[in-house]
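Descriptive structure summary
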Amino acid sequence: MSNGSPTESNGGKGNPNLIVGVGASAGGFEAFQRLIEQLPADSPLCMVFILHLLPTHKSMLTELLSKMTGMRVSEATEGLRLEAGHVYIIPPDVYIEVKDGHFNLAPRAGETAAFLPIDRFFISLAKQAGERAVGVVLSGMGSDGAIGLRQIKEAGGITFCQTPGLAERDEMPRAAMATGDADFVLSPADIARALVDLTRHPYLAAAEKTEEARQLRPNDEQFQRIFSLLRMASGVDFSQYKRPTIERRLLRPMALHKIASAQEYVRRLEQQPQEVLQLYRDVLIHVTFFFREPESFTALGAKVLPKLFEDRKPDDMLRLWIPGCSSGEEPYSVAMVLLEYLAEKNDERLVQIFATDVSDTAIETARAGLYPESAVRPIAPERLRRFFTPVDGKYRVNKRVREMCIFARHDLTRDPPFSKLDLIICRNVLIYLDQAMQKRLFSAFHYALKPSGFLMLGAAETVGMQRDMFTVVDKKHRLYSKRPAYIEPLDLVFSEGRHAEMPSVPAAVKAVREHVRKNVQQEVNQLMLSKYAPPGVLVNERFEIIQFRGQTGYFLEPSPGDVNLHVLKMVRPGLLHELHQALIEARNSQAAVRKEGLHVSFDGHGREVTLDVTPIVLPDEPPHFLVLFEEAGHQAGPPPAPSTAPVADQTDESGPERLHRELDHTRHELSTTRRYLQSAIQDLEIANEELQSANEEVLSSNEELQSTNEELDTAKEELQSTNEELNTLNAELHSRNDELGRLNSDLVNLLSSVQLAVIMVDRGLCIRRFTPPAENLFNLIATDIGRPMQHIKPNIVSPNLEHDVQGVIEHLTPLEQEVQDVEGRWYLLRVRPYCSVDNRIEGAVIALVDIDAVKRRELEMDASRRRVLAIVQAVGDALVVFDGELNVQMVNDAFCRMFGIESHEATGKQLFGLGDGLWKAPHLRSLVDRVLRDESTSSEVEIEHDSPGRGRTKLLLHARRVENRDEHLPLALLAIREV
């Protein structure tokens, strides 16, 4: 967004200082209403309200909100410019984004995925507005807005969410809070007041050249104090981070705490150590999510993984390093891509991913591998089912994926790198570091990679000036491969300098003499080339000069600025075009190219030049090109020697003798001078040869010492890398050991508290673990762990116990049966298969539940029932027992004889459905109802009955409630006697 002048106070004109995106769903309209009611009519804010609307329902929000605020309210349309003092409403069934200060609308028609307009708007707002973006999440269902809120905070903006207890639906506010990126959790009215305070803070004018803005930005001395506080609190040196990045991170808490000067904020940091830790967390904002930039993962699987697995031995482990892993989403994404690739190739190869970050909190989150629903939203459904397990509303990464990733704390600016890596993925980390640190890290990455290794950077990163270290594989997705031939003194960030002194290593005399002889020959060759050959340069395939030959000053000159040896950057203007054309032609045709009649100017004098470009191609070497410059009319060979013959004096024709003597004298002096010069030259040559020989010996020794020193440095660096790797593995093992310890303690306490006799055995029926109650029942002691069950004589009477347990292990069929101990107590024996976490059967679990009291009560009740039944049958009167729902429970033989029915015909039938109308008498029904209501009631009634074969008889019916403690329905007894 524009950083122009402040908005006009009348609303409706001017660029907004703050763009506030407000997202809501169910119950969000009322919350937004309470928010905008607290905003003044002349507010310079630009509010954008994104509400989940029905696709086919015409929105009335514009008309409703216009009556609630003095700000102008309108529905967003395509291309509409965002202005201060406005409230914009999202139309139904569209996505809305911000682009170059205008709205961009996109239909959602045809989409099958979840409709998430809040996240999409927040993400575009973060990209466009940066620190001028504000995200607000109000009441709603789901988790829309959580990811976008994180993007706004990473861009330097400020984030709010509604207090969950005050929201009609709290799912969206809670999802936003779960990310840890909500700066404020307030009521809608308090959010409005905080927004008004932000519009008055100089935070919004930090980019302007005003006195308030100048006081807001820290100076060098204040930066150093802040860096010192951060270093003491966290151990991280932020002085090598880019100043603008740190400054943006400082402005946020200053605005949140209403601090108007950097000096005041530094004093707050010095007085409140918890603020330093909060600033440390703000500086290390972890903006990441699963499969970020998905096209990069596609390129990784298509262009890198096939080369990494090509010609690789089965036992050769693939090693990756992901620095700056944040909370683990990226390492797990890479692990999923690798597992899918290995499954496609039917390969069981081992893969090890080292994932590091400077934040301990982020590392702990990554190790747990437990993420909220909003975090796993970018993952395809099939991947979510395959690699995640739902746990209490969240999702945990599967064990196989977690075991591939080793997480550890690691400071890129200080700690040594890993070594012998196949792939390094360092995305969106280098953009926060200064150029010097980036160069050192590229050197570390180059060292850490194998010769065939690859490097992957973020979309906004590139190798820059370190292109000699890496070759481009995919420019768009920032994929590079290591240049193994790159040679430069290793400059790793953890290097402690080279040793100042090394013990001398004497070289063999023969080897030294051979080395000197070769160097003398090379010197002679160089001398002859400099005198008789035209000057030129040797360039590589990128047209960078790697060797100068002869005096090239007439044709080349260094370019101003940083050192650059590209031949086209150094050639004089008159030759630039033709040289570039000649190099291209030579590279394409692989043949020599000659350009004649070229003109170049030097020191005000013009020269005619002939240009020769010859390609040099050697096996297993990249192509090189020899560029020669030859002046027109230049002849190869030494220049003609000047004549030394004396010129005769033509005027002195009378003194031939004197002339002869002078000539002899001159010849003598010349001969003497020649012998003297020859002797001096010989002495000089001998001295020069001796000095050259001594110099070569010193150089040879120095080279050997340097080579030994470099080998020692390399060995030291490898040891440091190995040590770092071991520390990382040790930290991971400590973490897993602590987790196992906690699980073991939980298991021991659980088994001790359940008070059940439980024994765990393996597939060989050897005892693995047992609870204290099992000691007496099975006659066990602590040293019995590991012994077979056959060696134990239990107190349980079950002759086939071992056979039954073995059958459960083999057939996976659980077993339950009642058994007794030697004292006659009853137990319920349960045998279940023992399953490991990966669903393998590794034994059985034997549990004994004490059911003695229940069993004995059942036996007693059975005996009582038998006695009662015998008494009932012995009584001469007809008896019938029925429950509260008038269902017949039992009749005796006398009843069956009296009414001519069988016992099974009456049992289970309705009482008043028996007989031929006998039981429908009103006074009999009243009697039954009265008895069932009152336990103490005992009543009699006399009725007449037509009995077949005996005529009309009188029956006396006596009813009484029967005590029934074990049943929910009451029981009653009806006795019938003829009168």
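Remember, predicted model here, so these are calculated numbers, not experimental data.

A tally of regular secondary structure across the protein gives 27 helices and 35 strands. By residue count, 43% of the 979 residues in the protein fall in the buried class. As displayed, the protein has an accessible area near 52,700 Å², and 52% of this comes from carbon and sulfur atoms.

Moving on: the pairing of strand 18 (residues 470–474). Remember that side chains alternate between the two faces of the sheet whenever the strand is regular. Relative to strand 19 (residues 479–482), strand 18 runs antiparallel, the two sharing four bridges. Within strand 19, the residue paired with Phe470 across the bridge is Lys482. From the end of strand 18 to the start of strand 19, which pair antiparallel, there are four residues, and Arg478 there has a positive phi angle of about 55°.

Under the counting rule described, the total for this entry stands at zero disulfides. We note that Cys325 lacks a disulfide partner, and the nearest cysteine sulfur, in Cys405, lies 9.0 Å from it. Take Cys325: its relative accessible area is 1%, and that puts it in the buried class.

Another aspect to go through is empty space enclosed by the protein. Within the structure shown, the criterion is met by two cavities of 30 Å³ or more. As for the largest cavity, its lining consists of Ile759, Ile767, Phe778, Leu780, Met789, Ile792, Pro794, Leu801 and Glu802. Looking at the second largest cavity, its volume works out to about 30 Å³. Around the second largest cavity, the lining residues are Ser296, Phe297, Glu330, Val334, Ile425, Arg427 and Met456. Contributions of two or more residues to the lining of the second largest cavity are made by helix 12 (294–309) and helix 13 (329–345).

This structure, assessed with the given rule, holds 40 salt bridges. In this structure, Glu221 and Arg225 form a salt bridge, with 3.5 Å as the shortest nitrogen-oxygen distance. Of the two residues, Glu221 and Arg225 are both situated in helix 8 (residues 220–234); the distance of four residues between them amounts to about one turn of the helix. Judged by its relative accessible area of 43%, Glu221 is partly exposed.

Our next topic: the packing of aromatic side chains. Scanning the entire structure with this criterion turns up 21 aromatic pairs. Considering the side-chain rings of Tyr332 and Tyr371, the 6.3 Å spacing of their centres and the 80° angle between planes classify their relative orientation as edge-to-face. Here Tyr332 is found in helix 13, whereas its partner Tyr371 is found in strand 12 (residues 370–371), with 39 residues between them in sequence. Residues Tyr554 and Phe555 carry aromatic rings whose centres are separated by 6.3 Å and whose planes lie at 75° to one another, so their mutual orientation is edge-to-face. Residue classification places Tyr554 among the partly exposed positions, given a relative accessible area of 33%. Over the aromatic face of Tyr95 sits the side chain of Arg120, whose NZ or CZ is 4.2 Å from the ring centroid. Here the basic side chain of Arg243 rests over the ring of Phe223, its NZ or CZ set 4.5 Å away from the ring centre.

Considering the arrangement of structural elements, one finds Leu927 in helix 27 (residues 922–933). Leu927 sits in the buried class, given a relative accessible area of 0%.

Another point: the pairing of strand 6 (residues 102–107). Note: strand 5 (residues 94–99) against strand 6, six bridges, orientation antiparallel. Each residue of the ladder has a partner; that of Glu97, found in strand 6, is Asn104.

The strand order 26-25-30-29-28-27 describes an open sheet built from six strands, whose pairing is antiparallel. Strands at the two margins of the open sheet, each flanked by one partner only, are strand 26 (767–770) and strand 27 (796–797).

On to helix 3 (residues 117–129), then. Given a rise of 1.5 Å per residue, 13 residues ought to cover 18 Å, and the 18 Å separating the end C-alpha atoms of helix 3 matches this to within 8%. Within the sequence span of helix 3, burial applies to Pro117, Ile118, Asp119, Phe121, Phe122, Ser124, Leu125, Ala126 and Ala129. The first or second residue beyond helix 3 is Gly130, which carries a positive phi of 60°.

Here we come to the sheet that holds strand 3 (residues 72–75). Sheet architecture is open: seven strands sit in the order 3-4-2-1-7-8-9, paired in parallel fashion. Here the strands that pair on one side only, and so sit at the sheet edges, are strand 3 and strand 9 (184–186). Within this sheet the neighbouring strands show an average axis-to-axis angle of 20°, counted without direction. Alignment of strand 2 (residues 46–51) against strand 4 (residues 86–89), held across four bridges, turns out to be parallel. Paired with Val48 across the bridge in strand 4 is Tyr88. Running at roughly 155° to strand 7 (residues 133–137), helix 4 (residues 146–154) makes contact with strand 7 and strand 8 (158–162) of the sheet. Each of strand 1 (19–24), strand 7, strand 8 and strand 9 touches helix 5 (residues 171–178); the most contacted strand, strand 8, lies at about 140° to it.

As a packed pair, helix 8 and helix 10 (residues 262–271) sit with axes 10 Å apart at the nearest point and diverge in direction by 20°. Taken together, the axes of helix 8 and helix 10 are roughly parallel relative to one another. For the pair helix 8 and helix 10, the sense of crossing is left-handed. Contacts between helix 8 and helix 10 involve Gln222, Arg225, Ile226 and Leu229 on the former and, on the latter, Ala262, Gln263, Val266, Leu269 and Glu270.

Scoring rules and cut-offs
Residues numbered from 1 in each chain as written. Predicted model: local features only at pLDDT ≥ 70, side-chain atom pairs only at ≥ 80, totals over all residues. Heavy atoms only, no water. Helix = DSSP H or I, 4+ residues; strand = E, 2+ residues; numbered from the N terminus. Buried < 20%, exposed > 50% of the residue type's maximum accessible area, 1.4 Å probe, protein only. Areas by Shrake-Rupley, 256 points an atom, 1.4 Å probe, with all protein chains shown as cover. Pairing = 2+ DSSP bridges. Disulfide = S-S within 2.5 Å. 1 Å grid on protein atoms, 1.4 Å probe; cavity = no way out; pocket = protein on both sides within 12 Å on 5 of 7 lines; lining within 4 Å. Points joined across faces, edges and corners; volume = space filled by probe spheres on them. Salt bridge = Lys/Arg side-chain N within 4 Å of Asp/Glu carboxyl O. Phe/Tyr/Trp six-rings, centres within 6.5 Å; stacked < 30°, edge-to-face > 60°. Lys NZ or Arg CZ within 6 Å of the ring centre and 35° of its normal. Expected span 1.5 Å × (residues − 1). Axes fitted to C-alpha atoms, helices over the stretch in contact; angles between N-to-C directions. Contact = heavy atoms within 4.5 Å. Parallel < 35°, antiparallel > 145°, perpendicular 65-115°, else oblique. Left-handed = near helix turned anticlockwise from the far one by under 90°.

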